[in-house]
Amino acid sequence: MKLIPAFESLDDSQREDFLSYQVVVRDIGKVEDELVREIFRRINLTKFKLEDIEIHNAIYDGQFIKIAKELAEEVALEDFGVFYESEFTRMADIHFFLQVMSTIERDGYFPRDNEVEKCVAEFNEEYKNSHRTKSKILNSMSIIKNLGLELDSIWFRKSCFFTLVVELCWASDIPDDIADRLNSFDAIVMSSKGKKDTDHGKFYHAMYSGTNDRKSRIIRSENFRKYILL
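Structural notes, computed from the coordinates. The structure presented is a predicted model; accordingly, all values stated were derived computationally and were not measured.

1. Quick look at helix 4 (residues 63-74)
- Its 12 residues place the ends of helix 4 16 Å apart at the C-alpha level, agreeing with the 16 Å of an ideal helix rising 1.5 Å per residue.
- Turning to helix 4, its buried residues number three or more, namely Phe64, Ile65, Ile67, Ala68, Leu71 and Ala72. The buried residues of helix 4 occupy an angular sector of 155 degrees when the element is viewed end-on, so they sit on one face.

2. Observations regarding the environment of threonine 133
- Residue position: threonine 133 is located in helix 8 (residues 130-145).
- A relative accessible area of 1% places threonine 133 in the buried class.
- Apart from residues no more than four positions distant in its own chain, threonine 133 is found in contact with Met101, Ile104, Glu105 and Tyr127.

3. Observations regarding helix 8
- The end-to-end C-alpha distance of helix 8 is 22 Å, a good match for the 22 Å that 16 residues give at a rise of 1.5 Å each.
- Taken as a whole, helix 8 has its buried residues at Ser130, Thr133, Lys134, Ile137, Ser140, Met141, Ile143 and Ile144.
- Taken together, the buried residues of helix 8 touch helix 4, helix 6 (92-106) and helix 9 (158-170).

4. Section: the packing of helix 11 (residues 199-208) against helix 12 (residues 214-229)
- In the contact formed by helix 11 and helix 12, the axes pass within 9 Å of each other and the chain directions differ by 140 degrees. It follows from the interaxial angle that helix 11 and helix 12 lie oblique. Every pair of crossing elements has a handedness; the one defined by helix 11 and helix 12 is left-handed. On helix 12, the residues that touch Asp199, His200, Lys202, Phe203, Ala206 and Met207 of helix 11 are Ser216, Ile219, Arg220, Asn223, Lys226 and Tyr227.

5. Let's talk about the packing of helix 4 against helix 8
- As a packed pair, helix 4 and helix 8 sit with axes 11 Å apart at the nearest point and diverge in direction by 25 degrees. In terms of axis orientation, helix 4 runs roughly parallel to helix 8. With respect to the hand of their crossing, helix 4 and helix 8 are arranged in right-handed fashion. Taking contact as the criterion, the partners of Ile67, Glu70, Leu71 and Glu74 in helix 4 are, on helix 8, Ser130, Lys134, Ile137 and Leu138.
- The residue inventory of the contact of helix 4 with helix 8, partitioned by class, reads 4 nonpolar, 1 polar and 3 charged.

6. With respect to the side chain of serine 159
- Position of serine 159 relative to the elements: it lies in helix 9.
- Taking the relative accessible area as the measure of exposure, serine 159 reaches 8% and is therefore buried.
- When neighbours within four sequence positions are excluded, serine 159 is seen to be in contact with Met207, Thr211 and Arg220.

7. Describing the nonpolar core
- Grouped together as the largest cluster of nonpolar side chains are 55 residues, with contacts concentrated most on Trp155 and Phe161.
- Every element with two or more residues in this core is listed here: helix 4, helix 6, helix 7 (116-122), helix 8, helix 9, helix 10 (178-190), helix 11 and helix 12.
- In this view, tryptophan 155 contacts Leu149, Cys160, Phe161, Leu164, Leu182, Phe185, Asp186, Phe203, Phe224 and Ile228; residues no more than four positions away in its chain are not counted.

8. Some thoughts on the packing of aromatic side chains
- Evaluation of the coordinates by the stated rule reveals 19 aromatic pairs.
- Taking the ring centre of phenylalanine 110 as reference, the NZ or CZ of arginine 217 above it sits at 5.9 Å.

9. Description of the pattern of salt bridges
- Per the counting criterion, the structure on display carries 10 salt bridges.
- The partner of glutamate 74 in a salt bridge is lysine 134, with the nearest N and O atoms 2.8 Å apart. In this pair, glutamate 74 sits in helix 4 while lysine 134 sits in helix 8, placing the two residues 60 residues apart along the sequence.
- On the basis of relative accessibility, which here comes to 15%, the residue lysine 134 falls in the buried class.
- Between lysine 118 and glutamate 115 there is a salt bridge whose closest N-O contact spans 3.5 Å.

10. A look at the environment of phenylalanine 162
- Within the element layout of this structure, phenylalanine 162 appears in helix 9.
- Considered as a pair, phenylalanine 162 and valine 100 are 62 residues apart in the sequence and their alpha carbons are 7.2 Å apart.
- If we ignore the near neighbours within four places in the chain, the residues touching phenylalanine 162 are Phe96, Gln99, Val100, Thr103, Tyr109, Arg217 and Arg220.

Each value, and the rule that gives it
- Residues numbered from 1 in each chain as written.
- Predicted model: local features only at pLDDT ≥ 70, side-chain atom pairs only at ≥ 80, totals over all residues.
- Heavy atoms only, no water.
- Helix = DSSP H or I, 4+ residues; strand = E, 2+ residues; numbered from the N terminus.
- Expected span 1.5 Å × (residues − 1).
- Buried < 20%, exposed > 50% of the residue type's maximum accessible area, 1.4 Å probe, protein only.
- Arc of directions from axis to C-beta.
- Contact = heavy atoms within 4.5 Å.
- Axes fitted to C-alpha atoms, helices over the stretch in contact; angles between N-to-C directions.
- Parallel < 35°, antiparallel > 145°, perpendicular 65-115°, else oblique.
- Left-handed = near helix turned anticlockwise from the far one by under 90°.
- Nonpolar A, V, L, I, M, F, W, Y, C, P; charged D, E, K, R; others polar.
- Core = buried A, V, L, I, M, F, W, Y, C linked by side-chain atoms within 4.5 Å.
- Phe/Tyr/Trp six-rings, centres within 6.5 Å; stacked < 30°, edge-to-face > 60°.
- Lys NZ or Arg CZ within 6 Å of the ring centre and 35° of its normal.
- Salt bridge = Lys/Arg side-chain N within 4 Å of Asp/Glu carboxyl O.

That is the geometry; function is a separate question.
See below:
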């Protein structure tokens, strides 16, 4: 993401260019908030300028996205080194929690963000599972924080971190030696780069290629349950 300099740091010429920039404004009069959101949604259907999460945030202000925002405030994702600092300005943390929540709500993995906006819209007015889902995610994040994993662990790569959080939310029993299992699995996976016919080799591939595809998410999930939870 390109950082924008502060107005105070601009020279006279740059300030003049900035202040003389013409902005087109259309007055739509006094209308209901719902109509304003619908107009905004239609303008941004191409998703050219804004990230999906920024559009969701502007259109919806209900229960589902509210829980994601609360999680983003209560969990310091920056401590795990999963996202770049610049990504937080584009609401990457809220988007991440929306992905986790949607996966839990749908009780299974889906490709990319296919179900996120559907969940945001479906549970905008009422989200009955809000407390249960939020509790599961907070518990999962607490477990991860106490594992003592190194910051260069594969589990702090975006794809694996997503798997780790979701699977811990679903797990009915957490092994006492889970940290050792995660570290051991990490070492074997990193040595299995070219071994696509093995479980660890498949996980390696799913960690780097097509990471948001349903197939890759399922491969990571199956390996996690087989080698970490069983």
